Each structure stands twice: as structure tokens, then as C-alpha cells.
Amino acid sequence: MTPAQEVARKKQLVSAAKALLSLQVGIGVGCVRIGKILHWLALQDDRRYHVFHQFLSATLGLPLGNERLLWAHPALLEHDAKLAKLEAEFRPKLLSACIDIISTYG
């Protein structure tokens, strides 16, 4: 990755963290986006940001983002309770990690 690409991806990371922190995007979508950018920046093993991977692992098989549009309504409602519980559990750690990203790279 060139230095210019690294700078651009760090800006994308900050933007994604701000979007999640301000709730402009849902937690699931925000975690997917941040997880991809962390991987591109080779930061996926940074212990400060493990919470994004942990959340995505915990929600594996649950509908996130546009995928939710493809699910049958009864199944979506059934899984939504699980998703809401996980989001509530992870929210403080995820938001703290977003604040760290913004202060470190913003």
C-alpha cells in the first residue's frame, strides 16, 4: 500500500467510526465497514479494535444491513431480539473503540 493509500484508508476508518458513533449507520453495518478497513490497514490484530471482530463473530448468521430485506418477516422478527441483545451488550465497547479510532487517526 502506498503512503497515499494508507492516508486515504485511515480517513475512511475515521469516517466509518464517526458514522457508527453518531448512529448514522447501524452497529452491524458500521462494524462490517470498520472491520474491512482495519483489515486493509493490517490493524485487524490490534487489541484495541478486537471488539469489532468479536461483535461480528457473535452476530454470525444474524441479518445485518441490506441482507435484512431478504429475510422473511417472521424470521427477521425472531432474530431481531437476539441482535438487539447483542447490540446492547457490545455498544459501550464499540463506541469506545470508535472514539479511540477518531482520536488516533482523525
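1. Side note on the overall build of the protein chain
Regarding its fold elements, the protein chain presents 4 helices and 0 strands. The helix and strand sequence of the protein chain, counted from the amino end, reads α-α-α-α. Taking 2.2 N^0.38 as the reference for a compact globule, 106 residues should give roughly 13 Å; the C-alpha atoms of the protein chain span a radius of gyration of 14 Å, in line with that estimate. Taken along the three principal axes of its C-alpha coordinates, the protein chain extends 50 × 25 × 25 Å. Burial statistics for the protein chain: of 106 residues in total, 32% are counted as buried. In the protein chain, of all internal contacts separated by at least 6 residues, the share reaching a separation of at least 24 is 68%. Seen as two clouds, the 13 positive and the 9 negative side-chain charges of the protein chain have centres 5 Å apart.

What counts as what
- Residues numbered from 1 in each chain as written.
- Predicted model: local features only at pLDDT ≥ 70, side-chain atom pairs only at ≥ 80, totals over all residues.
- Heavy atoms only, no water.
- Helix = DSSP H or I, 4+ residues; strand = E, 2+ residues; numbered from the N terminus.
- Rg over C-alpha atoms; globule rule 2.2 N^0.38 Å.
- Buried < 20%, exposed > 50% of the residue type's maximum accessible area, 1.4 Å probe, protein only.
- Contact = heavy atoms within 4.5 Å.
- Lys, Arg positive; Asp, Glu negative; His and termini not counted.
- Charge placed at Lys NZ, Arg CZ, Asp CG, Glu CD.

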